[in-house]
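As a plain string of letters, each chain reads:
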4 protein chains.
Amino acid sequence: MKKPAYITDYEGWCKEFNCFFPVDVRFSETDAFGHLNNTQAFVYFEHARIQFLKVIGLMELWMKTDDVIPVTADLQCDYFKQVFFDETLQIGVKVMSIGRSSVELHYMILNEQNHVCMTGRGRIVQISKRTGVPEAWNDGTIKRFKKSQAKTE
Amino acid sequence: MKKPAYITDYEGWCKEFNCFFPVDVRFSETDAFGHLNNTQAFVYFEHARIQFLKVIGLMELWMKTDDVIPVTADLQCDYFKQVFFDETLQIGVKVMSIGRSSVELHYMILNEQNHVCMTGRGRIVQISKRTGVPEAWNDGTIKRFKKSQAKTE
Amino acid sequence: MKKPAYITDYEGWCKEFNCFFPVDVRFSETDAFGHLNNTQAFVYFEHARIQFLKVIGLMELWMKTDDVIPVTADLQCDYFKQVFFDETLQIGVKVMSIGRSSVELHYMILNEQNHVCMTGRGRIVQISKRTGVPEAWNDGTIKRFKKSQAKTE
Amino acid sequence: MKKPAYITDYEGWCKEFNCFFPVDVRFSETDAFGHLNNTQAFVYFEHARIQFLKVIGLMELWMKTDDVIPVTADLQCDYFKQVFFDETLQIGVKVMSIGRSSVELHYMILNEQNHVCMTGRGRIVQISKRTGVPEAWNDGTIKRFKKSQAKTE
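Owing to the predicted nature of the structure, the values given are computational and were not obtained by experimental measurement.

Chemist: Could you give an account of the overall build of chain A, naming the residues involved and the relevant values?
Modeler: What chain A contains, in helices and strands, is four helices and five strands. Ordered by position from N to C terminus, the α and β elements of chain A give α-β-α-α-β-β-β-β-α. Of all 153 residues assigned to chain A, the portion counted as buried reaches 59%. Considering only residue pairs separated by 6 or more positions, chain A has 67% of its internal contacts joining residues 24 or more positions apart. Total accessible area on chain A is roughly 6800 Å²; 49% of this is exposed by carbon and sulfur atoms. Averaging the locations of the 19 positively and 19 negatively charged side chains of chain A gives two centres separated by 6 Å.

Below, the structure written as C-alpha cells:
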C-alpha cells in the first residue's frame, strides 16, 4: 500500500481517529463492475463529516443561521480495497489543522475486518451566504475543533 | 406487455407525447446486476419534469419566489425493458389532467430503438412554503399547462 | 390524508408491518427546496427491500447464483409529509401478495414522531439472467415469503 | 484562486484540454444549501472519464471482456465557484501521464461563462478481475492514450 502524500506517519495517523460513523453499503450504490462505485466515497465522507460537525455542535448552528454556510474547498480520496454490497463500513473523521476560516479534515474508511479501504482529506471553508467571502471562525468554533482532537480516553 | 392502470388507450397515450428530453445513462447509475438501477427512473422523471416546467415557463417562477414551491404528491413507474450503461434515452412528459392546485404528469422512456422501457405518472402540488398548504394555480399557470397539451404539428 | 388506492383498511394495513429498517437522511439526499429529494424515497424502498430479502434469506441466494435475478416490475410512492436532513426514518416492508414468479411488497416510511411520511408499493419479478424470462418461485422461496407475513408476537 | 499542487503552469494546463463533455445540473443533484452538492463533482468526473475512454476506444473493450477492469486508485477535486441548478457545464478530460498499468487523468469543469468551477485529477489502474492484481497496458492501449494527448487542430 503506497501511502498518500497527506499521511506522514501512517501508524500515528490511524490512531488519531477517535470518532467513527457506521455506513451500510446500499445496492443502489454499487455499479456494473459489481462493487461500490468510486463516487460514493465522497457521499460517505460528507455523511461522516456532517455527523462529526453535529457531534461537535456546529451543524445545528449552520442549519439555523442564514449568514454563513460551510462549503467544500477541496476533497481527495485514495482507494485501497474494493468494497461490496452489504458491507458495513466505519467512516472515521478527524480535524487535521485549523485555519482562519477553514479546517482540514481527514477520513479513514474501515471494513468489518478492520482493513483500511479508503483514506481521504479535504478542507471546508466558512463563507458568508450573501457575499461568498470566507468568514473567520469565532473562538467558540475553534474551541470545538480543538476539543475534538483530544484523545478519547 | 401488461398495460398499467393509468393507460387506457395505449396507442393514443403514446402519440400524445410531444415533448422529449434526452438522457445518457451514466456508469454510476448502473448497479451490481449490470443494468440501470431502478431508482434512477425517478431521477430521469424529475429531470424531464423540471425541463418541461422550464420549457412552459413555470420553473423560473418557482426558483425566484419564496412563497410557493411544487412538491411531489405521488409517483409511479412501470418497468418494461432493462436499460444499460451508455444508452441514450428520451424521456417524454405530458400534462394528463389539471386540478385546483395540482397537476398530473405522465412519462414515457424510450431507448434508441424507440422501444418503451418505462412508463410512469405522478402528481405535483403547489404549496405555500411557509404553511405547507396547497395553493391554487393562477390562470396564467393553467393556461401554460393547457397550451402544452396542444399537439405539435 | 387521502388514502392511496392500494390501501383498503388503513389501520389494518399499518399494523401488518413487522419488519422495519432505520435510515438517516443524508445531507446529499436533500435538494435546493431544503427537504429530502423525492427520488430518495425509492432509494430507501430499495434499501429496505434488500434488507428484508436478506432477513428472509433470499438476497444471499440471488447474489450467489448467476441464473436468476430479481428485477423491479413496478414501483409507486405517495408523499404525505416532508422529510428533512438528519431525520431518522423507519422503513417498513411487508409481503402483500405472492404470484407465480413475482411478489408484491408494500412500504411505509415513519419519522421519529411515528408519523407516516410516505407509503408505497411495488412488484419484483424473478427472471432468468440469460433469457430475461420470468422464472417461477420454488416452494422454499414461497415458504419464506409466507413466513414473513406471520405476525411477530 | 489558489492553484492546486497538481497544476504547475495554469495557462498551459488549461490549454491542453481538447476533449469536453456537456452536463446539465439536475435538480436532484443540488442540496439544501441551494447549490450543487460537492459529491456530484466526482459523478461528473466519472461521466466525462468514461465518455473519454469511449471516445478513445477503451471502454468498449472493458465492457466486453471479463478479464480486466479499470479501478479508481485516487481522485481529488478543488472547488472554485459554486454551481447551481440548471447550469450547463463542460467537463474537460485529458491524459496527464501514463504508467505501466495506470494512467493519470486531469479534469476541468467550466460553466457557461467559461469560468473554471472545479479542477481535479485522479489515477485509474487496470486490474485483473479475478486476482485484483494490476495488469500492464498493452501497446495498443498506450498508443490510444498518447494519441489523445495530441492537440486537436
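Next comes the rest of the account.
Chemist: Any details on the packing of aromatic side chains? Residues and values, ideally.
Modeler: Under the definition given, this model contains 35 aromatic pairs over all chains. Centroid distance Phe42 of chain B to Phe45 of chain B: 5.7 Å. Interplanar angle 80 degrees. Geometry classified as edge-to-face. Of the two residues, Phe42 of chain B and Phe45 of chain B both sit in helix 2 (residues 40-55), three residues apart, roughly one turn of that helix. Seen in terms of ring centroids, Tyr10 of chain C and Trp13 of chain C are 6.3 Å apart; in terms of plane orientation they differ by 15 degrees. Their pairing is stacked. Here Trp13 of chain C and Tyr10 of chain C lie together in helix 1 (residues 10-15), a separation of three residues that amounts to about one turn. Across the pair, exposure class does not vary: Tyr10 of chain C and Trp13 of chain C are buried alike. Grouped by ring-pair contacts, the aromatic residues Phe42, Phe45 and Tyr107 of chain A together with Phe42, Phe45 and Tyr107 of chain D constitute a single cluster. Here Lys3 of chain A stacks its cationic end above the ring of Tyr10 of chain A, 4.9 Å away from the centre of that ring. Positioned above the aromatic ring of Phe17 of chain D, the side-chain terminus of Lys94 of chain D is 4.6 Å from the ring centre.

Chemist: Let's hear about the interface of chain C and chain D: which residues, and what values?
Modeler: Between chain C and chain D, the residue contacts involve nine residues of the former and nine residues of the latter. Between chain C and chain D the total buried area reaches about 740 Å² when both faces are included, carbon and sulfur atoms providing 71% of it. Summed over the three residues of chain C that lose the most area to chain D, namely Phe27, Ser28 and Ala32 of chain C, the buried surface amounts to 57% of that side. On the surface where chain C and chain D come into contact, there are zero salt bridges. Between the two partners, chain C and chain D, sit four residue pairs in polar contact (both at pLDDT 80 or more). Taken together, the residues of the side of chain C that touches chain D break down into three nonpolar, five polar and one charged.

Chemist: Provide a residue-level description of the relation of the copies chain C and chain D, including the pertinent values.
Modeler: The two copies are related by a screw operation: chain C maps onto chain D through 180 degrees of rotation and 0.0 Å of translation along the axis, at an RMSD of 0.0 Å. Accordingly, the operation relating the two chain copies is best matched by a two-fold axis. In terms of proximity to the rotation axis, the leading residue of chain C is Asp31 of chain C, whose C-alpha is 1.9 Å off the axis.

Chemist: Which residues make up the environment of Val83 of chain C, and what are the values?
Modeler: Residues and elements named next belong to chain C. With respect to the helices, strands and loops of the structure, Val83 is situated in the loop between strand 2 (68-79) and strand 3 (88-98). With 44 residues separating them in the primary sequence, Val83 and Thr39 have C-alpha atoms 12 Å apart. Residues in contact with Val83, not counting those within four places in the same chain, are Val25, His35, Leu36, Leu89, Cys117 and Met118.

Chemist: Please provide a residue-by-residue account of the relation of the copies chain A and chain D, values included.
Modeler: Each of the two chain copies can be generated from the other by rotation about an axis followed by a shift along it. In the superposition of chain A on chain D (RMSD 0.0 Å, axial shift 0.0 Å), the rotation amounts to 180 degrees. The share of interface residues of chain A whose copies in chain D are also at the interface is 100%, consistent with both copies meeting through the same surface.

Chemist: Describe the confidence of the model for chain A, with residues and values.
Modeler: A residue-level look at chain A finds 97% of positions with pLDDT of 70 or above and a mean pLDDT of 92. Both scores are available for the predicted complex, with the pTM at 0.90 and the ipTM at 0.92.

Chemist: Tell me what's going on with the interface of chain A and chain D, and back it up with residues and numbers.
Modeler: With 25 residues of chain A in contact, the opposing surface of chain D contributes 25 residues. Here chain A meets chain D over a buried area of about 2100 Å², counting both sides, of which 58% is carbon and sulfur. Linking chain A with chain D are zero salt bridges. Counting across the interface, chain A meets chain D through 10 residue pairs in polar contact (both at pLDDT 80 or more). With 11 residues, strand 2 (residues 68-79) of chain A is the single largest residue contributor to the side of chain A that touches chain D. Pairing of strand 2 of chain A with strand 2 (residues 68-79) of chain D involves five bridges; the strand directions are antiparallel. What sits directly across from Leu75 of chain A, in strand 2 of chain D, is Cys77 of chain D.

The rules we used
- Residues numbered from 1 in each chain as written.
- Chains lettered and ligands numbered in written order.
- Predicted model: local features only at pLDDT ≥ 70, side-chain atom pairs only at ≥ 80, totals over all residues.
- Heavy atoms only, no water.
- Helix = DSSP H or I, 4+ residues; strand = E, 2+ residues; numbered from the N terminus.
- Buried < 20%, exposed > 50% of the residue type's maximum accessible area, 1.4 Å probe, protein only.
- Contact = heavy atoms within 4.5 Å.
- Areas by Shrake-Rupley, 256 points an atom, 1.4 Å probe, with all protein chains shown as cover.
- Lys, Arg positive; Asp, Glu negative; His and termini not counted.
- Charge placed at Lys NZ, Arg CZ, Asp CG, Glu CD.
- Phe/Tyr/Trp six-rings, centres within 6.5 Å; stacked < 30°, edge-to-face > 60°.
- Lys NZ or Arg CZ within 6 Å of the ring centre and 35° of its normal.
- Buried area = accessible area lost by both parts, 1.4 Å probe.
- Salt bridge = Lys/Arg side-chain N within 4 Å of Asp/Glu carboxyl O.
- Polar contact = N/O pair within 3.5 Å; in protein donor to acceptor, adjacent residues only side chain to side chain.
- Nonpolar A, V, L, I, M, F, W, Y, C, P; charged D, E, K, R; others polar.
- Least-squares fit on C-alpha atoms with pLDDT ≥ 70 in both.
- pLDDT = per-residue confidence, 0-100.
- Pairing = 2+ DSSP bridges.

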